[in-house]
Amino acid sequence: MDLAALRLSFALAALTTVALLALGLPLAQWLATSRSRARPVVEAVVSLPLVLPPTVLGFYLLVAFAPRAPLGRGFAALLGHPLAFSFEGLLLASVLYSLPFAVQPFAAALSRVDPRLVEASYALGAGRLETFFRVSLPLARPGVVAGAVLAFAHTIGEFGVVLMVGGNVPGQTRTLSIALFDAVEQLDWAAAHRTSLVLLALSFAALVATHALQPRSSTSR
Amino acid sequence: MSALEVDLERRFAGGPAVRARLTLPLGEAPVTVLFGPSGAGKTTILRCLAGLERPDAGTIRFGGETWFDSAAEVDLPPGRRRVGLLFQDHALFPHLTVEENVGYGVRGVDRAERAQQVAAVASRLGIAALLPRRPGQLSGGERQRVALARALAARPRLLLLDEPLSSLDTPTREALRGELRGTLERAGLPSIVVTHDRVEALALGDRLAVLADGAVRQVGPVHEVFSAPADLVVARVVGTENVLPARVIDRRDGLARVEVGKAVLWALDPGHAGEPEAYACVRAEDVVLEAAPAAATSARNELSGAVVSVAAEGPLVRATLDCGFRLVALVTRDSAERLGVAPGRALAALIKAQAIRIVLRSR
């Protein structure tokens, strides 16, 4: 069992989840409450990774990460090394790739928050930020936790994007799913079985957790 | 004297506009009832006052402070207006305890001070025992009290109540009506209550503003507006009813003796004992006019008075009598002619005890 790959996958999934909470919650709140005409477009962009082949996303990211591209150049100046085939590049790719898995449950849960409660909070003197943290977020918590669990599990299991932008650098970009691919390529069935079992157990546990967190009926809200 | 001055217009796509022009002096006559049929724009006006909805044009001023001015692009956020708003469905935060709900709007004080203020409001409204519970564990009446406590704890300058009793079942509503009036009186805040319920308007209000077809049609003391509608539109909204300030002086055998001006009438006992201040309500159709004084019994009240004015109203004639107070009777054209109903004519007005409804002013 490739322990370095396990550690790396966990670190990547954890950081991706944190980043998605920080970026995804404001985005989801906007999607849940905005009446802007740009909303369907933003919704489509967020959902794109659901239908796009991961290799397509990976290819465009690789192009954007190139040292001569503006994004690649900016990050290279900041990090001291190119984004492609680095952990940071992988993290950025994972955030984009798992975006819908976090933002869609977030937005669904936030849009179910009774607008009267939000108004009651405003009327009691709370501003937008305070209302979000004291009313909307606690009421949307099951959906937010479910989105975070899904994003974590999805990041653990990603393969195509990792292969495209990460390659296979041990300790840097060699995640569990890449290690599995390697093991099979080398006909190391025992290692492949161990890694697969870990991934299967993780995915199953994540789904059980997600379903357990869903409100059972509209009345239990 | 400072006042709440409202002059606003709110348009809806494909719907009627709501225009409200209203000046309410603050301080005296604390409870104003915004009365009108559903769809008249009552809730829209409340939401504009609270700052939750933005009028399309106009101004809202509160005691010299501008809350909204479309021309000057002033629109104070709800928090800066310090308005207490009681929602129709109470809108308690389901994830917070009653104590946290009531303390939600208490700002700028430390934890101990907040707990103390919450406890003070809770004991005033009789909900101290409910503080550790969650809204899901409360009855309708308890939720109403908690919502009122939450609004009052934030120390608002103006209290707005949207159909405060409509979500309650009938027995609870009747029990809470008087209690709510008492709470509003003790709070000593200018309050605006939205309702389409006549009894609620009478029981809670000092002043009545009638809203119809998206505009304020008449403002005045409650019983005056009910007894003397300014025009036909208002008359249609408030109904043809005599609303007479009364005092309950005695109760026996399911009947109550009430004093109206100098006259004493028998009416059905309203039930709850307590404050004697009340309104006696009589529908104009239930006032029978007769020429010769008949013998009054407990079931039949007799008043004598002189006709002040007469007006035809379809197949009926509307006669206003001066019996020491104004009493409106609706009689058929036939009997009006037979009785010679004309200004100056002295007549007897007969009202059955069960036709007089007593609305108590507080518990």
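Everything quoted here is computed from the prediction, not taken from an experiment. (Residues numbered from 1 in each chain as written. Chains lettered and ligands numbered in written order. Predicted model: local features only at pLDDT ≥ 70, side-chain atom pairs only at ≥ 80, totals over all residues.)

Engineer: How should the overall build of chain A be read in this particular structure?
Structural biologist: Each helix and strand in chain A was counted, giving 11 helices and zero strands. Traced from its N-terminal end to its C-terminal end, chain A shows the element sequence α-α-α-α-α-α-α-α-α-α-α. A principal-axis box enclosing the C-alpha atoms of chain A has dimensions of 65 × 40 × 25 Å. For chain A, buried positions account for 39% of its 221 residues. Excluding contacts between residues fewer than 6 apart, the proportion of contacts in chain A whose partners are at least 24 apart in sequence is 72%. (Helix = DSSP H or I, 4+ residues; strand = E, 2+ residues; numbered from the N terminus. Buried ≥ 20, exposed ≤ 12 C-beta atoms within 10 Å, placed from the backbone. Contact = placed C-beta atoms within 7 Å.)

Engineer: I tried to follow the interface of chain B and chain A on my own but got confused; where do I start?
Structural biologist: When the parts of a complex come together, some accessible area is lost, and that lost area is often taken as the interface size. With 15 residues of chain B at the contact, the number on the chain A side is 13 residues. Listing elements by their share of the side of chain B that touches chain A, those giving two or more residues are α2 (78-81) and β7 (83-86) of chain B. When the residues that make up the side of chain B that touches chain A are grouped by side-chain class, the tally is 10 nonpolar, three polar and two charged. (Nonpolar A, V, L, I, M, F, W, Y, C, P; charged D, E, K, R; others polar.)

Engineer: Would you mind going over the domain arrangement of chain B with me for this structure?
Structural biologist: Residue and element names in this part refer to chain B. As far as domains go, chain B holds domain 1 (3-239) and domain 2 (242-360). The distance between the C-alpha centroids of domain 1 and domain 2 comes to 34 Å. Each partner contributes to the interface: domain 1 provides seven residues, whereas domain 2 provides 10 residues. Listed by contribution, the elements that provide at least two residues to the side of domain 1 that touches domain 2 are α7 (198-204) and α8 (222-227). Considering only residue class, the side of domain 1 that touches domain 2 consists of four nonpolar, three polar and no charged. (Domains from an automatic or database assignment.)

Engineer: Sorry if this is basic, but what is going on with the nonpolar core here?
Structural biologist: Buried together is how nonpolar side chains tend to be arranged in soluble globular proteins. Ranked by size, the top nonpolar core spans 163 residues in total, and within it B:V33, B:A149, B:L160, B:A280 and B:A329 carry the most contacts. Considering each element in turn, this core owes the most residues, 13 residues, to helix α5 (residues 87-111) of chain A. With residues up to four places along the chain from it excluded, the contact list for B:A280 reads B:L244, B:A246, B:V258, B:V260, B:L265, B:A267, B:I356 and B:I358. (Core = buried A, V, L, I, M, F, W, Y, C linked by C-beta atoms within 7 Å.)

Engineer: Just to check I follow, could you spell out the confidence of the model for chain B for this structure?
Structural biologist: The predicted coordinates ought not to be read in detail in places where the model reports low pLDDT. Residue and element names in this part refer to chain B. Residues of chain B with pLDDT of at least 70 account for 95%, and the chain-wide mean is 87. Mean pLDDT across the elements of chain B ranges from a minimum in helix α9 (residues 232-238), with 79, to a maximum in helix α3 (residues 98-103), with 96. In the model output, the complex is listed with pTM 0.80 alongside ipTM 0.81. (pLDDT = per-residue confidence, 0-100.)

Engineer: I would appreciate a short explanation of the packing of helix α6 (residues 115-123) of chain A against helix α7 (residues 128-139) of chain A in the present structure.
Structural biologist: Residue and element names in this part refer to chain A. α7 packs onto α6 with a crossing angle of 140 degrees between their chain directions and a minimal axis gap of 10 Å. With respect to their mutual orientation, α6 and α7 come out oblique. Both α6 and α7 take part in a crossing whose hand is right-handed. Along the contact surface, α6 presents L117, V118, S121 and Y122, while α7 presents T131, R134, V135 and S136. For the contact of α6 with α7, the residue count by class is four nonpolar, three polar and one charged. (Axes fitted to C-alpha atoms, helices over the stretch in contact; angles between N-to-C directions. Parallel < 35°, antiparallel > 145°, perpendicular 65-115°, else oblique. Left-handed = near helix turned anticlockwise from the far one by under 90°.)

Engineer: Would you explain the sheet that holds β7(B) in this entry?
Structural biologist: Strands belonging to one sheet form pairs held by backbone hydrogen bonds; the direction of such a pair is parallel or antiparallel. All names here are of chain B. Strand order in the open sheet made by the six strands is β7-β8-β9-β3-β10-β11, with mixed pairing throughout. Here the strands that pair on one side only, and so sit at the sheet edges, are β7 and β11 (215-221). In this sheet, adjacent strand axes meet at a mean angle of 20 degrees when their direction is disregarded. One ladder, built from five bridges, connects strand β3 (residues 31-35) with strand β9 (residues 191-195); its direction is parallel. Each residue of the ladder has a partner; that of V31, found in β9, is S191. Sitting on the sheet, helix α1 (residues 42-50) touches β3, β7, β8 (158-162), β9 and β10 (207-212), and the angle it makes with β8 is about 150 degrees. (Pairing = 2+ DSSP bridges.)

Engineer: Just checking my understanding: could you explain unusual backbone geometry for this structure?
Structural biologist: Generally, phi is negative for residues other than glycine and the peptide bonds are trans, each holding for most cases. Residue and element names in this part refer to chain B. Non-glycine residue A91 carries a positive phi angle of around 45 degrees. Position of A91 relative to the elements: it lies in the loop between β7 and α3. The backbone of E163 sits at a positive phi, close to 45 degrees, despite the residue not being glycine. One can find E163 in the loop between β8 and α6 (170-187).

Engineer: Mind showing me how you'd approach helix α1 (residues 3-33) of chain A here?
Structural biologist: Think of an α-helix as 3.6 residues a turn; residues three or four steps apart then line up on the same face. Relative to the 45 Å expected for 31 residues at 1.5 Å per residue, α1(A) spans 44 Å between its end C-alpha atoms, a close match to the ideal helical length. Along α1(A), the sharpest kink reaches roughly 35 degrees, centred on A:G24 and followed within four residues by the proline A:P26. (Expected span 1.5 Å × (residues − 1). Bend = angle between axes of the 7 residues up to and from the residue.)

Engineer: How do you make sense of α6(B) when you look at a structure like this?
Structural biologist: Residue and element names in this part refer to chain B. For α6, spanning 18 residues, the distance from its first C-alpha to its last is 25 Å, which sits close to the expected 26 Å at 1.5 Å a residue. A bend of about 30 degrees at L176 is the largest found in α6. Of the positions making up α6, those classed as buried are R173, L176, R177, L180, R181, T183, L184 and A187. G188 sits one or two positions beyond α6 and adopts a positive phi of about 60 degrees.

Engineer: Explanation requested: the sheet that holds strand β1 (residues 3-10) of chain B in the structure shown.
Structural biologist: Residue and element names in this part refer to chain B. In space, the five strands of this open sheet follow the order β2-β1-β4-β5-β6, with antiparallel pairing throughout. Two strands close off the open sheet at either side, each with one partner strand: β2 (18-25) and β6 (74-75). As paired strands, strand β5 (residues 65-69) and β6 are joined by two bridges and run antiparallel to one another. For F68, the partnering residue across the bridge sits in β6 and is D75.

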